[in-house]
Amino acid sequence: MGKRKPEERIEDFKEVDTGFSAQDAVLESLRCMDCVKPQCIKGCPVNIDIPGFIMAISKEDFRKAADIIKADNMLPAICGRVCPQEDQCEGTCVLGIKGKPVRIGALERFVADWERENGLLRPEVKDKTGKRVAVVGSGPAGITAAAELAKEGHSVTIFESLHKAGGVLTYGIPSFRLPKDIVKTEIDQVLKLGAELKLNHIVGRSVPVEELLSYNAVFLGTGAGLPSFMGIEGENLNGVYSANEFLTRVNLMHADSFPEYDTPVLKKGRVVVVGGGNVAMDSARVAKRMGSEVTLIYRRRKEDLPAREAEIENAIEEGIEFICCANPVRILGEGSVIGVECVRMEMCEADADGRPCPVPMKGEDALFTIDADVVIEAIGQSPNPLLISLIENLERGKRGNVITDDETGLTSIENVYAAGDVATGAATVIEAMGAAKRTARAINEKFKD
Amino acid sequence: MAYKIEKAEEIAENIFELWIKAPHVARNAKAGQFLVIRINDKGERIPLTVSGVDGDLVRIVFMKVGKTTMFLSTLGVGDFIEDVAGPLGHPSEIKKWGRCVVIGGGVGIACLPILAKALRDSGNEVTGIIGARNESLILLKDELSSFCDEFVVCTDDGSCGYHGFPVDILKKKLEEGSVDCVWIIGPAIMMKITSLATIPYNVKTFVSLNPIMVDGTGMCGSCRVTIDGETKFACVDGPEFEASLVDWDELMTRQKVYTEEELKSRELFEDHTCECGGH
Ligand SMILES: Cc1cc2nc3c(=O)[nH]c(=O)nc-3n(C[C@H](O)[C@H](O)[C@H](O)COP(=O)(O)OP(=O)(O)OC[C@H]3O[C@@H](n4cnc5c(N)ncnc54)[C@H](O)[C@@H]3O)c2cc1C
Ligand SMILES: Cc1cc2nc3c(=O)[nH]c(=O)nc-3n(C[C@H](O)[C@H](O)[C@H](O)COP(=O)(O)OP(=O)(O)OC[C@H]3O[C@@H](n4cnc5c(N)ncnc54)[C@H](O)[C@@H]3O)c2cc1C
Ligand code: FES
């Protein structure tokens with residue numbers, strides 16, 4: 001799979017990866033050993049029959065390959081692009097022990113794109129059951145659940161508070177990683193199954209909780225959209241953004257095209273991004289594309305960066321400067337940001353998760369300052385309490401996540417289910433999709449009783 | 001799904017009211033809440049207070065200050081607004097306070113009728129005080145006064161009612177000891193100055209903060225304000241807060257983040273003569 005040249009791609013928001021041609025895909029598929037005990041399947045959070053679909057590619061039966069993937073993954077065009085494959089299927093591929101693993105993600109993407117270009121088949125929809133289900137949120141969890149429930153013939157209404165569906169896929173992940181027409185196609189597929197989408201509906205406000213609970217079942221897929229701030233001095237200066245705000249202004253509101261689009265965003269000289277995950281990489285690369293000089297500050301070591309490997313590599317190629325083992329202690333400026341004071345960090349004994357713990361170094365030398373006009377904090381998100389705090393007796397964990405049964409997604413309230421980031425805290429698209437699918441099945445079973 | 005404008009009128013100089021059909025907002029909105037609109041696909045999301053409700057219709061009242069509000073003022077009956085989301089924010093704390101004073105400055109006056117009515121319905125005695133630069137900027141006078149037991153109009157130039165500021169009238173009432181609770185809604189500087197008057201009397205005073213917002217649902221943090229030293233998101237934690245706890249200077253600084261961009265947007269719109277909204 002090819003990639004566009006860094007100097008070319010930082011000039012626009014078009015997709016960086018160019019994808020496999022059919023010929024490349026078939027060639028790559030021939031590398032798969034079709035292992036007797038496929039490790040890749042175990043690495044996949046939804047256990048797609050990976051050798052199965054790869055064998056179909058090798059026989060040039062792309063339709064069959066698509067059907068095999070779709071049996072377990074509703075959103076292959078998306079997952080093929082954004083899954084952290086190195087930690088999942090490709091990380092467990094036996095070819096990876098000595099050489100390069102099969103490029104499963106790229107193959108998945110190829111199949112999904114092929115299917116989109118050659119006509120998606122509409123799955124069968126069963127007769128109306130008369131059961132009404134409310135799906136709250138239209139991110140990967142919500143759209144997956146809606147599809148699974150609509151196929152069974154239930155009347156599904158998806159409520160979305162924003163003016164566009166897709167959740168993080170729409171407002172968070174930039175189009176150079178995930179083109180928006182792909183997200184739209186996936187959502188349109190779900191709507192074709194008969195699910196109704198109500199945009200601009202904030203459940204808990206536009207739809208009171210009593211009304212919500214009057215549905216036969218409720219699926220909460222409200223995500224983890226509440227941005228965390230570091231809580232340091234200077235955080236409310238002009239020019240300090242949460243990654244969510246910065247990315248929303250650009251991805252959802254198209255502030256990169258201001259003044260053609262009305263929403264502004266500061267496009268000033270020096271941007272400092274704080275954090276090391278996908279959200280930080282996306283913020284840095286978006287800022288770069290708007291002409292800024294970008295420095296990313298991460299408190300652990302480079303090898304600890306939690307973002308997808310490919311995106312770290314892309315960010316480096318695009319000229320993002322990384323300062324690892326450092327953490328901001330103060331944002332400087334009066335009215336507007338002029339710089340960030342940071343402290344160097346050293347790594348100590350591993351913490352409970354086995355990750356080494358960063359601690360600030362002592363002494364004057366440990367502090368340094370960098371100039372900045374804009375600071376973007378990408379240090380984490382938690383579930384937005386807006387709705388879930390209004391539902392009486394809905395049990396929540398310490399980090400604000402809704403507590404659910406692992407298998408069924410059932411919450412502490414009868415007929416109320418939850419899956420995706422709202423249940424797990426910020427995680428991944430594939431996990432949200434997988435959990436939503438399991439939960440939808442549990443709801444379908446429940447309705448049979 | 002777009003939302004139809006059912007009534008439209010210029011109700012004071014550069015101040016307009018629109019009644020929009022948006023049942024999901026109208027049926028659930030209470031005093032103190034706002035909605036977010038986006039006029040079309042290229043538009044910005046802007047927050048506006050719910051200033052009235054009639055069946056499935058919801059009223060917004062806005063002043064022409066920049067690109068979006070200028071564009072909005074060109075729309076009329078039968079036109080559509082692409083997105084209307086809401087109601088958002090916490091409703092005002094309506095209960096039996098006793099003797100309430102509601103004060104509006106400029107377009108902030110638009111927030112008062114629904115509030116005064118709610119307070120009245122909960123058994124409060126309501127005094128309405130409104131202030132504007134001159135008579136041509138006074139709005140909703142008759143409607144508001146119908147929900148007030150006492151009603152005073154103030155103008156800076158004396159062209160209508162009392163010659164002076166609402167804070168003068170408020171101070172008098174505070175001295176008389178006849179105030180249990182106060183709402184002040186208007187430009188930040190007016191809320192700051194007016195609310196200073198109530199501090200010595202220790203009277204509960206609410207203000208409705210208007211920082212720059214994007215989603216209005218707690219997802220971005222654009223609307224952060226400092227209340228009693230703590231960061232809050234005005235869209236979900238507010239928009240009404242206890243006046244004495246607000247960091248006013250920070251709010252006013254943050255409102256100016258995009259001054260340059262706003263000017264550019266406005267100039268482009270004003271230079272543009274067709275009906276596409278400058279796009
Ligand atoms: C910038 C960024 C980059 C990422 N990159 C990757 C990646 O490369 N790979 C990967 O696997 N994962 C990535 N993730 C994580 C992934 O996007 C999430 O794990 C996933 O989107 C979670 O899906 P969800 O459906 O649970 O929630 P979300 O996608 O957050 O969707 C929730 C939806 O619910 C709506 N909502 C919330 N409250 C209400 C309410 N009260 N009423 C109505 N609607 C409501 C929200 O508006 C939103 O649209 C990234 C996340 C971000 C922010
Ligand atoms: C909760 C709340 C309720 C409000 N209610 C009303 C109302 O009932 N009537 C009314 O006339 N105005 C109200 N406002 C202010 C209104 O949102 C702004 O006047 C409007 O956004 C200006 O947009 P513009 O493009 O016309 O002007 P611009 O030129 O873009 O901006 C003019 C000024 O408006 C403010 N502003 C700009 N963009 C935003 C934004 N996205 N969010 C908030 N403020 C912004 C800024 O301080 C700016 O300096 C309210 C604001 C808030 C936060
Ligand atoms: S406007 Fe985005 S969090 Fe308040």
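Cut-offs and rules
Per-chain numbering applies: the sequence of each chain, read as written, is numbered from 1 onward. Labels follow written order: the first chain is A, the first ligand is 1, and so on. Local features are withheld for residues below a pLDDT of 70 in this predicted model, meaning they are given only at 70 or higher, and side-chain atom pairs are given and counted only at 80 or more; totals for whole chains, interfaces and linings count all residues. Just so you know, side-chain values use all the structure's heavy atoms and leave hydrogens and water out. Numbering goes from the N terminus for both helices and strands, where a helix is a DSSP run of H or I of at least four residues and a strand is a run of E of at least two. For this measure, only C-alpha atoms enter the radius of gyration; the expected value for a globule follows 2.2 Å times N^0.38, where N is the number of residues. Using a 1.4 Å probe on the protein chains alone, a residue whose accessible area is under 20% of its type maximum counts as buried, one over 50% counts as exposed, and one in between counts as partly exposed. Per-residue and other accessible areas were derived by the Shrake-Rupley procedure at a 1.4 Å probe size, with only the shown protein chains allowed to occlude residues. Strands qualify as paired when DSSP identifies two bridges or more between them. The angle between two axes is taken between their N-to-C directions and runs from 0 to 180 degrees, where each axis is a line fitted to C-alpha atoms and a helix contributes only its stretch in contact. Criterion for a salt bridge: a side-chain nitrogen of Lys or Arg within 4 Å of a carboxyl oxygen of Asp or Glu. Each angle receives one of four descriptions, namely roughly parallel if under 35 degrees, roughly antiparallel if over 145, roughly perpendicular if within 65 to 115, and oblique otherwise. Crossing chirality is assigned from the near helix's rotation relative to the far helix, an anticlockwise turn below a right angle marking it left-handed and a clockwise turn marking it right-handed. Any two residues whose heavy atoms approach within 4.5 Å are treated as being in contact. Here, the term nonpolar core denotes a set of buried Ala, Val, Leu, Ile, Met, Phe, Trp, Tyr and Cys residues that are joined through side-chain atoms within 4.5 Å. The domain limits used here are those given by an automatic or database domain assignment. Residues are classed as near a molecule or strand on a simple rule: at least one heavy atom within 4 Å of it. N or O atoms within 3.5 Å of each other form a polar contact, as long as, within protein, one can give a hydrogen and the other can take it, and as long as residues adjacent in sequence are counted only when both atoms are side-chain atoms. All residues other than Ala, Val, Leu, Ile, Met, Phe, Trp, Tyr, Cys, Pro, Asp, Glu, Lys and Arg, Gly among them, are scored as polar; the first ten of these are nonpolar and the last four charged. Residues enter patches when they are more than 30% accessible in relative terms and free of salt bridges; like-charged ones are connected within 9 Å and nonpolar ones (Val, Leu, Ile, Met, Phe, Trp, Tyr) within 5 Å. For any pair of parts, buried area is found by adding up, for both, the accessible area (1.4 Å probe) each one loses once the two are put together.

1. A word on the overall build of chain A
Across its full length, chain A holds 19 helices and 18 strands. A compact globule built from 449 residues would reach a C-alpha radius of gyration of about 22 Å, and chain A, at 22 Å, matches this within 12%. Taken along its principal axes, the extent of the C-alpha atoms in chain A is 70 × 55 × 50 Å. Expressed as a percentage of the 449 residues in chain A, the buried residues total 57%. When the accessible surface of chain A is summed, it comes to about 18,500 Å², and 49% of that surface belongs to carbon and sulfur atoms.

2. Things to note about the sheet that holds strand β4 (residues 46-49) of chain B
All names here are of chain B. Strand order in the open sheet made by the three strands is β4-β3-β8, with antiparallel pairing throughout. Each edge of the sheet is formed by a strand with only one pairing partner; in this case those strands are β4 and β8 (83-88). With strand direction ignored, the average angle separating the axes of adjacent strands in the sheet is 25 degrees. Summarising the sheet, strand β3 (residues 34-38) and β8 pair through four bridges and their orientation is antiparallel. Looking across to β8, one finds that R38 is bridged to D83.

3. Focus: the pattern of salt bridges
Residues and elements named next belong to chain A. As enumerated under the stated definition, the model contains 44 salt bridges over all chains in all. Residue R109 pairs with D113 through a salt bridge whose shortest N-O separation is 3.4 Å. One end of the pair is R109 and the other is D113, both in helix α9 (residues 104-117) and four residues apart, which spans about a single turn. Of the charged contacts in the structure, one is a salt bridge between R177 and E311, with a shortest N-O distance of 3.6 Å. Residue R177 is found in the loop between α11 (168-171) and α12 (180-192), and its partner E311 is found in helix α16 (residues 309-317); the two are separated by 134 residues along the sequence. A relative accessible area of 6% means that R177 is categorised as buried. A relative accessible area of 3% means that E311 is categorised as buried. Residues joined in a network through salt bridges with shared partners are K3, R9, R177, D282, R285, R289, R308, E311, E313, E317 and E318.

4. Structural notes on the packing of helix α4 (residues 50-58) of chain A against α9(A)
Residue and element names in this part refer to chain A. In contact at an axis separation of 11 Å, α4 and α9 are set at 60 degrees when each is read in the N-to-C sense. Between α4 and α9, the angle is such that the two are oblique. Between α4 and α9 lies a crossing whose hand is left-handed. Between α4 and α9, the residues in contact are I50, F53, I54 and I57 and I104, L107, E108 and V111, respectively.

5. What to know about the nonpolar core
A general tendency of soluble globular proteins is for nonpolar side chains to be buried together. Core analysis: the biggest nonpolar cluster contains 69 residues, and A:I50, A:F53 and A:I57 have the highest contact counts within it. Sort the elements by how many residues they give to this core and helix α19 (residues 429-448) of chain A lands first, with nine residues. Each of two domains, domain 1 (2-118) and domain 2 (132-225 + 382-448) of chain A, supplies a minimum of three residues to this core. Ignoring any residue separated from it by four or fewer positions in sequence, one finds A:I57 in contact with A:A25, A:V26, A:S29, A:F62, A:A65, A:L107 and A:V111. Membership of the second largest hydrophobic core comes to 57 residues, among which are B:L137, B:I138, B:L139 and B:V153.

6. What about the site of ligand 2?
All names here are of chain B. Taken together, 24 residues lie around ligand 2, and P47, T49, V61, T69 and M213 are the ones closest in. Contact distances for ligand 2 include 3.2 Å between an oxygen atom and a backbone N or O atom of G66. Between ligand 2 and M213 there is a distance of 2.9 Å, counted from a nitrogen atom to a backbone nitrogen or oxygen. Here ligand 2 loses 87% of its free accessible area of 860 Å² to cover by the protein chains. For the shell around ligand 2, the elements supplying multiple residues, two or more each, are β4, β6 (57-63), α2 (67-73) and α9 (259-270). Looking at which element gives the most residues to the shell around ligand 2, the answer is β4, with four residues. Counted by class, the shell around ligand 2 contains 13 nonpolar, six polar and five charged residues. Counting only domains with at least three residues in the shell around ligand 2, you end up with domain 1 (3-88) and domain 2 (99-255).

7. So, the site of ligand 1
Residues and elements named next belong to chain A. Around ligand 1, 35 residues are found, and the nearest of them are V82, A141, E160, R177 and D421. Here an oxygen atom of ligand 1 and a backbone polar atom of A141 are 2.9 Å apart. One nitrogen or oxygen atom from the main chain of V168 is found 3.0 Å from an oxygen atom belonging to ligand 1. Protein contact buries 96% of the 1,000 Å² of open area that ligand 1 shows by itself. Mapped onto the shell around ligand 1, the elements with two or more residues apiece are α10 (140-151), α15 (278-289) and α19.

8. Things to note about a nonpolar patch on the surface
A grouping of A:M33, A:V94 and A:I97 is seen on the molecular surface, where their side chains present a nonpolar patch of about 320 Å² in accessible area. Locating A:M33 in the fold gives a position in the loop between α2 (22-29) and α3 (39-43).

9. Description of the domain arrangement of chain B
Residues and elements named next belong to chain B. By the assigned domains, chain B splits into domain 1 (3-88) and domain 2 (99-255). Residue-level contacts link 21 residues of domain 1 with 21 residues of domain 2. Taking both partners together, domain 1 and domain 2 bury about 1,600 Å²; carbon and sulfur atoms supply 67% of that area. Considering only the side of domain 1, the residues that lose the most area to domain 2 are A31, F34 and R45, jointly responsible for 25% of the buried surface there. Where domain 1 meets domain 2, there are one salt bridge. Its salt-bridge partner being R59, residue E143 comes within 2.8 Å of it at the nearest N-O pair. Put simply, domain 1 and domain 2 have five residue pairs in polar contact (both at pLDDT 80 or more) between them.

10. As for the interface of chain A and chain B
Each partner contributes residues to the interface: chain A has 39 residues there, and chain B has 46 residues. Between chain A and chain B, the buried area comes to about 3,600 Å², and carbon and sulfur atoms account for 53% of it. The tally of links between chain A and chain B comes to two salt bridges. Residue B:K42 pairs with A:E260 through a salt bridge whose shortest N-O separation is 2.7 Å. Linking chain A with chain B are 24 residue pairs in polar contact (both at pLDDT 80 or more), by the criterion used here. Secondary-structure elements contributing two or more residues to the side of chain A that touches chain B are β7 (226-227), β8 (240-242) and α14 (243-252) of chain A. Broken down by element, the residue count for the side of chain A that touches chain B peaks at four residues, all from α14(A). Among the residues making up the side of chain A that touches chain B, the classes are represented as 19 nonpolar, 14 polar and six charged.

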